[in-house]
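The residues making up each chain are set out below.
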Amino acid sequence: EGVNPQEYTAIKIQVLEWPAAATDTLNKAALDVKNRKVSLIAATLRPETMYGQTCCFVSPNITYGLYEISATEVYVCTARAAKNMSFQKITPVRGEAKLLAEISGKDLIGAKIHAPLSVYPEVRVLPMDTILASKGTGVVTSVPSDSPDDYATVVELAKKADYYGIEKEWASLDPIPIITTPAYGDLTAVALVKELKIQSPKDKELLAKAKEIAYKDAFYQGTMVIGAYSGEKVEVAKNKVKNDLVAAGDAFVYNE
Ligand code: A2H
């Protein structure tokens, strides 16, 4: 853990339809989710890119918790994140996160979800092996236009859909232009993955390099090409999009 606190925007990605494996797990825990809004909570540093969400990643190797936030709302994230949230006025009782059920990331794969702001009204939960349990919420929303990690992962998933136990179409939604920069155009992550000849999510060093370039280029040189702040600099639009998401009840600020 670093010395400086990291501020994330926590995006609420509502579950619309559970896969059979998840339904089994919830039934065994005697948890009825019919009358509750259940959301996967994805931690992002790039709220201005949420228009381009094409899926949401969980790790098949992480156990997630369903935590009660109110009589009608449930959040899905790691226990570690829920504990942190309980000290940030996100859960009803300070220092407590009420666990309703546990679920393996594996059982969430294929869930149909609604990602706020996305041009795709319904997307799917897909697996990402490189998610760290020690960071954020353990849930990563996928924006392949602007995140080299996300793009490399969806390419890999589409290529080996059977191996990953998913439908190829779930990983094949087109990346959406969100931001344009003079150096990389309007699909920065796609351009960088090509330029650096990144072959798979396992190309760690190249992906770290791509991530660094993409982040700086978009922040300092990028202009929005979609949404309410189209035409504005990313540096300025970033907080506006974040504030709009929070005001709409679709996101909250999460620190660690
Ligand atoms: B970002 P930092 Cl468009 N394990 O969101 C691995 N990666 C994680 C994670 C975890 N437990 N939790 C969050 N992340 C990802 C959007 C995005 C992100 C774009 C471009 C770059 C980017 C869409 N994915 O991140 O280690 C999340 O992906 C690169 C900086 O705290 C989150 O923001 O610096 C970012 O990594 C947090 O990384």
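Residues numbered from 1 in each chain as written. Predicted model: local features only at pLDDT ≥ 70, side-chain atom pairs only at ≥ 80, totals over all residues. Heavy atoms only, no water.

K.L.:
I keep staring at the overall build of the protein and nothing clicks. Help me out?
P.N.:
Broken down by element type, the protein carries 8 helices and 12 strands. At 18 Å, the protein has a C-alpha radius of gyration in line with the 18 Å of a compact globule built from 256 residues. The dimensions of the protein, computed from C-alpha atoms along their principal axes, are 55 × 40 × 35 Å. Scored against the burial criterion, the 256 residues of the protein give a buried share of 50%. Sequence-distant contacts, at least 24 apart, represent 74% of the contacts inside the protein between residues at least 6 apart. Only carbon and sulfur atoms are counted for the fraction: they give 51% of the accessible area of the protein, which is about 12100 Å². Distance between charge centres in the protein, computed from 29 positive and 32 negative side chains, equals 3 Å. (Helix = DSSP H or I, 4+ residues; strand = E, 2+ residues; numbered from the N terminus. Rg over C-alpha atoms; globule rule 2.2 N^0.38 Å. Buried < 20%, exposed > 50% of the residue type's maximum accessible area, 1.4 Å probe, protein only. Contact = heavy atoms within 4.5 Å. Areas by Shrake-Rupley, 256 points an atom, 1.4 Å probe, with all protein chains shown as cover. Lys, Arg positive; Asp, Glu negative; His and termini not counted. Charge placed at Lys NZ, Arg CZ, Asp CG, Glu CD.)

K.L.:
Please explain the packing of aromatic side chains as it appears in this structure.
P.N.:
When we look at a pair of aromatic rings, we describe it by the centre distance and by the angle of the planes. Counted under the stated rule, the structure contains 4 aromatic pairs. Both rings, one in Y75 and one in F252, keep their centres 5.3 Å apart while their planes meet at 5°; by these two values the pair is stacked. Note that Y75 is positioned in strand 5 (residues 73–77) and F252 in strand 12 (residues 251–255), a separation of 177 residues in sequence. On the accessibility criterion, Y75 (5% relative accessible area) is buried. Here F219 and Y220 contribute two aromatic rings whose centre-to-centre distance is 5.0 Å and whose plane-to-plane angle is 90°, an arrangement assigned as edge-to-face. Judged by its relative accessible area of 21%, F219 is partly exposed. (Phe/Tyr/Trp six-rings, centres within 6.5 Å; stacked < 30°, edge-to-face > 60°.)

K.L.:
I tried to follow the environment of I41 on my own but got confused; where do I start?
P.N.:
Structurally, the position occupied by I41 is in strand 2 (residues 37–44). The spatial distance from the C-alpha of I41 to the C-alpha of A10 is 5.9 Å, given a sequence separation of 31 residues. Beyond its immediate sequence surroundings of up to four residues, I41 is in contact with A10, I11, K12, Y75, V76, M85, T137, V139 and F252.

K.L.:
I'm lost on the pattern of salt bridges in this one. Help?
P.N.:
Once the charged atoms of two side chains with opposite charge are near each other, the side chains can pair. In total, this model carries 13 salt bridges according to the counting rule given. Among the salt bridges present, the one from R36 reaches E68, with a minimum N-O distance of 2.9 Å. You can see R36 sitting in the loop between helix 1 (20–28) and strand 2 and its partner E68 sitting in strand 4 (residues 63–68), a full 32 residues away along the chain. Since its relative accessible area comes to 23%, R36 is described here as partly exposed. Across the pair E156 and K160 runs a salt bridge, and its minimum N-O distance is 3.3 Å. A relative accessible area of 10% places E156 in the buried class. (Salt bridge = Lys/Arg side-chain N within 4 Å of Asp/Glu carboxyl O.)

K.L.:
I tried to follow the side chain of S145 on my own but got confused; where do I start?
P.N.:
For S145, the location among the structural elements is in the loop between strand 9 (139–142) and helix 4 (148–159). Looking at S145, the relative accessible area reads 0%, which means it is buried. Separated by 2.7 Å, the side chains of S145 and D146 make a polar contact. In contact with S145, other than residues within four places in its own chain, are P175, I176, I178, L187, T188, A189 and V190. (Polar contact = N/O pair within 3.5 Å; in protein donor to acceptor, adjacent residues only side chain to side chain.)

K.L.:
In this structure, what is going on with the packing of helix 7 (residues 204–221) against helix 8 (residues 234–247)? I would like to understand it.
P.N.:
How two helices sit against one another is set out by the angle between their axes and by the gap between those axes. Viewed as axis vectors pointing N to C, helix 7 and helix 8 meet at an angle of 95°, and their least axial separation amounts to 6 Å. Our classification of the angle between helix 7 and helix 8 gives roughly perpendicular. Mapping the contact onto sequence places Y215, A218, F219 and Y220 in helix 7 and V234, E235 and K238 in helix 8. (Axes fitted to C-alpha atoms, helices over the stretch in contact; angles between N-to-C directions. Parallel < 35°, antiparallel > 145°, perpendicular 65-115°, else oblique.)

K.L.:
How should I be thinking about the pairing of strand 3 (residues 55–58) in this particular structure?
P.N.:
Residues in a regular strand point their side chains to alternate faces of the sheet. Going residue by residue along strand 3, you find C55 and F57 tucked away on one face and C56 and V58 tucked away on the opposite face as well. Sheet topology note: the strand 3/strand 8 (residues 123–127) ladder contains 4 bridges and is parallel. Counterpart to F57 in the pairing with strand 8 is L126. Both strand 3 and strand 9 contribute to a ladder of 4 bridges, which runs antiparallel. If you follow C55 over to strand 9, its bridge partner there is S142. (Pairing = 2+ DSSP bridges.)

K.L.:
Is there a simple way to think about unusual backbone geometry in this case?
P.N.:
Only a minority of non-glycine residues have a phi that is not negative, and only a minority of peptide bonds are not trans. Unlike most non-glycine residues, A30 shows phi in positive territory, near 55°. Take A30: it is sitting in the loop between helix 1 and strand 2. A30 sits in the exposed class, given a relative accessible area of 69%.

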